[in-house]
Amino acid sequence: MRLAVATLFPLLLAGADLDQLRKLDETKRLFDLRRALTETAASEPETAYYRARVHARFGQEQIAITEFREFLNTGPAEMMHRKVHQEMADAYTRLGQYRDAAAEWTALLGLIPPDDPERAEIEEGLSMWESLGDVAAQSVEFGGNVLVQARYDLLTRSIPLLVNGTKADWILDTGANLSIVSESEAKRLGLDVRNSSVHGSSGHTGKQFSTRPAVASEIRVGSARLHNVIVMVIPDHAMHFGPLGLKHLAGILGLPAIRALGSVEISANGEMRIEPGPPKTTGKPNICFNELSPIVQVYHAGRPVSMALDTGGNVSYLYPSFRDFMTPEELKELGRRRDRSNGVGGSITLESDLVRAIQFELPGKTVLLKNISLRRASTPAFDGYTEGLLGMDAMNGGFTLDFRAMQLRLD
């Protein structure tokens, strides 16, 4: 009898650990999932899926892809097959390996029934990636440490670039899933625009617009040279950010181009440096990916809070779920406001609550934000993953965005 109990106990422990991993995965608590995997005794094949997912979301896509393929060899259920192909498609896209991403979307489509509501969107996206089938994977070359001076405008800082040898000023925007240019800018730069068309939308406003993919054969940022960068071309009017009328804004450098730069440091006065070497710091990551968007973990009142990281947004704002992290004093001081949210495609007016002051702790600094909006609805793309969006008002004092260490540090 004692032998039977001793034999069963590790299995029961493993089962409990696996249940915990499933719950953390279902509730989109990626930082907690990463921590739990370092403590779990579970060894079932399903655990291997969660390990691969954490590797993929925390910047180790190449390791994750190998692990995902090994997991598929164990014969998982069809739904797990679907999850794996979607994770791999996102991982390849973040790496700039678009042909491989298209192959994963094709595999995923083969598992989705004709009447599935997700099928139409996947088919549209796949047609775009297939139109780019002749484009080699994105790559980057680094030169010496060259200082780049960013320029201030009404929204955020823009940086000087050379796109196919022509000067340009684009916003550095981690909130953009891919780089974006206006139609006139694409023509001016001589980009190779493809015929396929898909629907895009702004994460800030939900505004939709038509877009076509193009290829920039080379983009120079300081001494870094990016090759084969995918750029989405949108109508000129969609680039004016609603009533702000930023007619000078012609382009946005988004993921995966920013990610390929490795580590970007921008000082309070706009001096930007790209660090091509290995990470300078150690410690736990405070950045992970939600598909093609970075999420940063900050602390408020001693509790970890996940926020979308958006260097293209001039102000931070909060989602309804953030109420659970507010102190009684903060809730008592809430006011009302009607504000306008601007983004690619236009703007919208929102009824929001007003948070008079909120404090966030990040590595290197504690920031105090005043009079920010607590929205009454979250953005669908981040629903469940984040409690709000961290914009440039929190980073204006200078920051380092290090995708090799998966860390955001404030100066």
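Nothing here was measured: the structure is a model prediction, and the numbers come from that model.

Draft legend 1. Structural context of the overall build of the chain. A count of helices and strands for the chain gives 10 helices and 23 strands. When burial is assessed residue by residue, the chain has 52% of its 411 residues classed as buried. Contacts in the chain between residues far apart in sequence, at least 24 positions, make up 65% of those at least 6 positions apart. Accessible surface for the chain amounts to roughly 18400 Å². Of this, 51% is attributable to carbon and sulfur atoms.

Draft legend 2. The environment of aspartate 192, seen in detail. Mapping aspartate 192 onto the fold places it in strand S7 (residues 192-193). A sequence separation of 21 residues divides aspartate 192 from proline 213, and the C-alpha atoms of the two residues are 8.5 Å apart. The residues contacting aspartate 192, other than those within four sequence positions of it, are Pro213, Ala214 and Val215. One polar contact links aspartate 192 to arginine 194, side chain to side chain, over a distance of 2.8 Å.

Draft legend 3. Geometry of the pairing of strand S22 (residues 398-402). Among the 5 residues that make up S22, 5 are buried, leaving the element largely enclosed by the rest of the structure. As defined by bridge partners, strand S12 (residues 263-267) adjoins S22 across 5 bridges and the pair is classed as antiparallel. Bridged to glutamate 265 within S22 is threonine 400. Alignment of S22 against strand S23 (residues 407-410), held across 4 bridges, turns out to be antiparallel. When the bridges of S23 are listed, threonine 400 appears paired with arginine 409. Between S22 and S23, which follow one another and run antiparallel, lie 4 residues, and methionine 406 among them has a positive phi close to 55°.

Draft legend 4. Structural view of helix H7 (residues 119-131). Between its first and last C-alpha atoms H7 spans 18 Å; for 13 residues at 1.5 Å apiece the expected length is 18 Å, and the two agree. Buried within H7 we find Arg119, Ile122, Leu126, Met128 and Trp129.

Draft legend 5. Summary view of the confidence of the model for the chain. On average, the chain scores 86 in pLDDT, and the residues at 70 or more come to 87%. Averaged over each element, pLDDT in the chain is lowest for helix H1 (residues 2-26) (58) and highest for helix H4 (residues 61-72) (97). Here residues 1-16 scores under 50 on pLDDT; set against residues more than four positions off or in separate chains, the count is 5 contacts. Predicted confidence for residues 242-246 stays below pLDDT 50, and this span has 13 contacts to residues more than four positions away or in other chains.

Draft legend 6. Geometry of helix H6 (residues 98-109). Between its first and last C-alpha atoms H6 spans 16 Å; for 12 residues at 1.5 Å apiece the expected length is 16 Å, and the two agree. The set of residues buried in H6 consists of Tyr98, Ala101, Ala102, Glu104, Trp105, Leu108 and Leu109. Down the axis of H6, the buried set is contained in an arc of 160°. They therefore lie on one face. Contact partners of the buried residues in H6: H4, helix H5 (78-95), H7 and strand S10 (224-234).

Definitions and limits used
Residues numbered from 1 in each chain as written. Predicted model: local features only at pLDDT ≥ 70, side-chain atom pairs only at ≥ 80, totals over all residues. Heavy atoms only, no water. Helix = DSSP H or I, 4+ residues; strand = E, 2+ residues; numbered from the N terminus. Buried < 20%, exposed > 50% of the residue type's maximum accessible area, 1.4 Å probe, protein only. Contact = heavy atoms within 4.5 Å. Areas by Shrake-Rupley, 256 points an atom, 1.4 Å probe, with all protein chains shown as cover. Polar contact = N/O pair within 3.5 Å; in protein donor to acceptor, adjacent residues only side chain to side chain. Pairing = 2+ DSSP bridges. Expected span 1.5 Å × (residues − 1). pLDDT = per-residue confidence, 0-100. Arc of directions from axis to C-beta.

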